[in-house]
Amino acid sequence: MTFATLGLIEPLLRSLEKLGYQTPTPVQAQAIPAVLAGRDLMAAAQTGTGKTAGFALPLLQLLAMEGPKVTANSVRALILVPTRELAEQVHEAVRQYAENLPLRTYAVYGGVSINPQMMKLRSGVDLLVATPGRLLDLFRQNALKFNQLQTLVLDEADRMLDLGFSEELANIYRALPKKRQTLLFSATFSDDIRLLAGQMLNDPLTIEVSPRNVAANTVKQWVVTVDKKRKPELFVHLMRKGKWKQVLVFAKTRNGVDALVEKLQGLGINADGIHGDKPQATRQRALDRFKLSEVQILVATDVAARGLDIEDLPLVVNFDLPIVAEDYIHRIGRTGRAGSTGEAISLVCADEVNLLSAIEMLTRQTLKRQNEPDFEPEHRVPDTDASGQVIKKPKKPKKPKTSGGGGKRNLGKWVDSGEVAPAEPSVKPVRKVPVFNTGPRKRKP
Ligand code: AMP
């Protein structure tokens, strides 16, 4: 199969040739003809599957071939994404695909001045990539009209809800024409998102190019258990031992990112960090330098790293486990892309056992544990498995205190849980599924 047989026009084929895309990926093979035929789409595709081209190519073709010329302050196709970085990345892909087409494309997001964006929108834009908050600001300031809108794309839809954009999305929907094509893309789909999609989409074609919520099997994953306070030390130890060259590290909070970067830099390690508190230009610079291998260790929160496409990233380290289990899939999706193998290591302390359990249940696998000599935790991490069970050992009866103590050190023995067959969840996951149309939740971790 070729892109030509999918019905793409010559100007797009020329762009693809220049980019070196020879064969459509599975998601592209399914999405491109369906979008060209005007269908609504609900697509569950893992990151790295080529989903951006899957929606952008047919969208650009429809814009070039059909519909009226764009008028002042109008937009004909809108791609909503959860973060600024993703907005830049998707727009860059769109720009490359549209190189030979007479279309105007643009990206808007918060964290930068709104005025240049308002100026740019004055003459109208065929395809706009936007984060929900800034899009609404622009709409409310009359810099944007939706009367010409023919297609809406929600990229990383589950993440947008997780980030508290449900109210913004509801407000955006209210402003859009009822008659439109809607494409919903996400790496993972919870049942609630499917329900929501059912309300938004009209007779959608469902595409699932990989089993639901199963992490990429090209990524070798394991867990090292450790006491919380020793995580930085363990990280440096593993880094030196494994001679890590380029690592993307995920920490839970902005403070956590800053603290780890400071610690690493203090040891003379070439590290930088990105999180929602940093100005957009600083974030982009850190990311660009990481991509160019000028920065060895990039520490990020989930928001800042969402959807980033970094070629040939060999290793992802979860310094902290994510609060939302689905983020684990997104995080490890940064490595092992496009068929290459990758590694994902999670440093897990006793406090995080429920998060670990939720991840194992979601990904239907028991993550292999590997203890690091000299770093065995004092606070043992209870065993977990893919059924969502946290296996607590029965407490041993307290020994009467003798001189020299030692009662607190009686922490039980760690047992290798090994891999188990996929199991249906027996308990509810830890993650609370956001309810659409409720108040905003925490925006930036
Ligand atoms: P995405 O999943 O959209 O983030 O894409 C992942 C990476 O795959 C990006 O670097 C794309 O440029 C690349 N890519 C997408 N489609 C193809 C294709 N058909 N052939 C080769 N590379 C592709």
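As recorded by an unreviewed UniProt entry, the protein carries the name Superfamily II DNA and RNA helicase and is attributed to Pseudomonas mohnii. Its UniProt record, at the heading Sequence similarities (unreviewed entry), says of the protein: "Belongs to the DEAD box helicase family."

Draft legend 1. View of the overall build of the protein. Each helix and strand in the protein was counted, giving 15 helices and 16 strands. Residues classed as buried in the protein amount to 55% of the 445 residues present. Long-range pairs, those at least 24 residues apart, make up 76% of the contacts in the protein with a sequence separation of at least 6. Counting every atom, the protein has about 20,200 Å² of accessible surface; 52% of that belongs to carbon and sulfur.

Draft legend 2. Fine view of the confidence of the model for the protein. Of all residues in the protein, 82% attain a pLDDT of 70 or more, and the chain-wide mean is 83. Contacts from residues 401-445, a stretch scored under 50 in pLDDT, to residues over four places away or in other chains number 83 contacts.

Draft legend 3. The sheet that holds strand β6 (residues 181-186), seen in detail. Read across the sheet, seven strands follow the order β3-β4-β2-β5-β6-β1-β7 without closing on themselves; strand pairing throughout is parallel. Bordering the open sheet on either side are β3 (105-108) and β7 (205-208), each of which pairs with just one other strand. Sheet twist, expressed as the mean angle between neighbouring strand axes with direction ignored, is 15°. Pairing analysis gives five bridges linking strand β2 (residues 75-80) to strand β4 (residues 125-130), with the strands arranged parallel. Opposite Ile-79, over in β4, you have Val-129 as the bridge partner. Packed on one face of the sheet, helix α4 (residues 84-97) meets β2, β3 and β4 and runs near 175° to β3.

Draft legend 4. Representation of helix α3 (residues 51-65) within the structure. Spanning 15 residues, α3 covers 22 Å between terminal C-alpha atoms, matching the ideal 21 Å at 1.5 Å per step. Of all 15 residues making up α3, twelve are buried, and the element is well covered by its neighbours. All of the buried residues in α3 are Lys-51, Ala-53, Gly-54, Phe-55, Ala-56, Leu-57, Pro-58, Leu-59, Leu-60, Gln-61, Leu-62 and Leu-63. Backbone geometry just downstream of α3 places Gly-67 in the positive-phi region, at approximately 85°.

Draft legend 5. Representation of the UniProt feature "domain: DEAD-box RNA helicase Q" (unreviewed entry) in the protein within the structure. Here the UniProt feature "domain: DEAD-box RNA helicase Q" (unreviewed entry) sits at residues 1-29. The distance separating the terminal C-alpha atoms of residues 1-29 is 8 Å; by composition the span is 48% helix and 0% strand.

Draft legend 6. Structural detail: the pattern of salt bridges. Enumeration over the complete set of coordinates arrives at 18 salt bridges. Between Glu-10 and Arg-14 there is a salt bridge, with the nearest N and O atoms lying 3.2 Å from each other. Linking Glu-10 with Arg-14, this pair stays in helix α1 (residues 10-19), spanning four residues, or about one helical turn. Within this structure, Lys-51, Asp-155 and Glu-156 form a network of salt bridges that share partners.

Draft legend 7. Structural detail: the packing of helix α2 (residues 26-36) against α3. Axis separation between α2 and α3 bottoms out at 8 Å; the angle between their running directions is 25°. Between α2 and α3, the interaxial angle falls into the category roughly parallel. Where α2 crosses over α3, the handedness of that crossing is right-handed. Contact with α2, carried on its side by Val-27, Gln-28, Ala-31, Ile-32, Val-35 and Leu-36, involves Lys-51, Ala-53, Gly-54, Leu-57, Pro-58, Leu-59, Gln-61 and Leu-62 of α3 and no other residues of that element. For the contact of α2 with α3, a count of residues per class yields ten nonpolar, three polar and one charged.

Draft legend 8. The arrangement of the sheet that holds strand β8 (residues 219-225) in detail. Spatial ordering of the open sheet is given by β10-β11-β9-β12-β13-β8-β14, a layout of seven strands whose pairing is parallel. Looking at which strands have only one partner, the edges of the open sheet turn out to be β10 (271-274) and β14 (368-369). As paired strands, strand β9 (residues 247-250) and strand β12 (residues 315-318) are joined by four bridges and run parallel to one another. If you follow Phe-250 over to β12, its bridge partner there is Asn-318. Sitting on the sheet, helix α10 (residues 231-242) is in contact with β8, β9, β11 (297-300), β12 and β13 (342-348), with an inclination near 150° to β13. Sitting on the sheet, helix α11 (residues 254-266) is in contact with β9, β10 and β11, with an inclination near 170° to β10.

Draft legend 9. Representation of helix α14 (residues 325-332). Counting buried positions along α14 gives eight out of eight residues, so the element sits mostly inside the fold. Ala-325, Glu-326, Asp-327, Tyr-328, Ile-329, His-330, Arg-331 and Ile-332 are the residues of α14 that are buried.

Draft legend 10. Quick peek at the nonpolar core. One finds Leu-57, Leu-60, Ile-79 and Leu-127 to be the most contacted residues of the largest nonpolar core, which totals 42 residues. Going through the elements one at a time, α1, α2, β1 (41-44), α3, β2, α4, β4 and β6 are the ones with two or more residues in this core. Among the elements that make up this core, the one with the highest residue count is α3 (eight residues). Ignoring any residue separated from it by four or fewer positions in sequence, one finds Leu-57 in contact with Phe-3, Leu-8, Leu-12, Leu-16, Ile-32 and Tyr-97. Ranked by size, the runner-up nonpolar core spans 38 residues in total, among them Tyr-106, Val-108, Ala-143 and Ala-197.

Draft legend 11. Structural view of the pairing of β12. Residue alternation in β12 divides its side chains into two sets, Leu-315 and Val-317 and Val-316 and Asn-318, and both sets are buried. When β12 meets β13, the two strands line up parallel, connected through four bridges. When the sheet's bridge partners are listed, Val-316 is paired in β13 with Ala-344.

Draft legend 12. Seen up close, the packing of aromatic side chains. Per the stated rule, a full pass over the model turns up five aromatic pairs. Relative to Trp-244, the ring of Phe-235 has its centre 5.6 Å away and its plane inclined at 65°; by these criteria the two rings are edge-to-face. Classification of Trp-244 by relative accessible area gives buried; the value is 12%. A network of ring pairs unites the aromatic residues Phe-235, Trp-244 and Phe-319 as a single cluster. Over the ring of Phe-319 we find Lys-231; its NZ or CZ atom is 5.9 Å from the centre of that ring.

Rules behind the numbers
Residues numbered from 1 in each chain as written. Predicted model: local features only at pLDDT ≥ 70, side-chain atom pairs only at ≥ 80, totals over all residues. Heavy atoms only, no water. UniProt positions renumbered as here; feature names shortened; annotations may be inferred. Helix = DSSP H or I, 4+ residues; strand = E, 2+ residues; numbered from the N terminus. Buried < 20%, exposed > 50% of the residue type's maximum accessible area, 1.4 Å probe, protein only. Contact = heavy atoms within 4.5 Å. Areas by Shrake-Rupley, 256 points an atom, 1.4 Å probe, with all protein chains shown as cover. pLDDT = per-residue confidence, 0-100. Pairing = 2+ DSSP bridges. Axes fitted to C-alpha atoms, helices over the stretch in contact; angles between N-to-C directions. Expected span 1.5 Å × (residues − 1). Salt bridge = Lys/Arg side-chain N within 4 Å of Asp/Glu carboxyl O. Parallel < 35°, antiparallel > 145°, perpendicular 65-115°, else oblique. Left-handed = near helix turned anticlockwise from the far one by under 90°. Nonpolar A, V, L, I, M, F, W, Y, C, P; charged D, E, K, R; others polar. Core = buried A, V, L, I, M, F, W, Y, C linked by side-chain atoms within 4.5 Å. Phe/Tyr/Trp six-rings, centres within 6.5 Å; stacked < 30°, edge-to-face > 60°. Lys NZ or Arg CZ within 6 Å of the ring centre and 35° of its normal.

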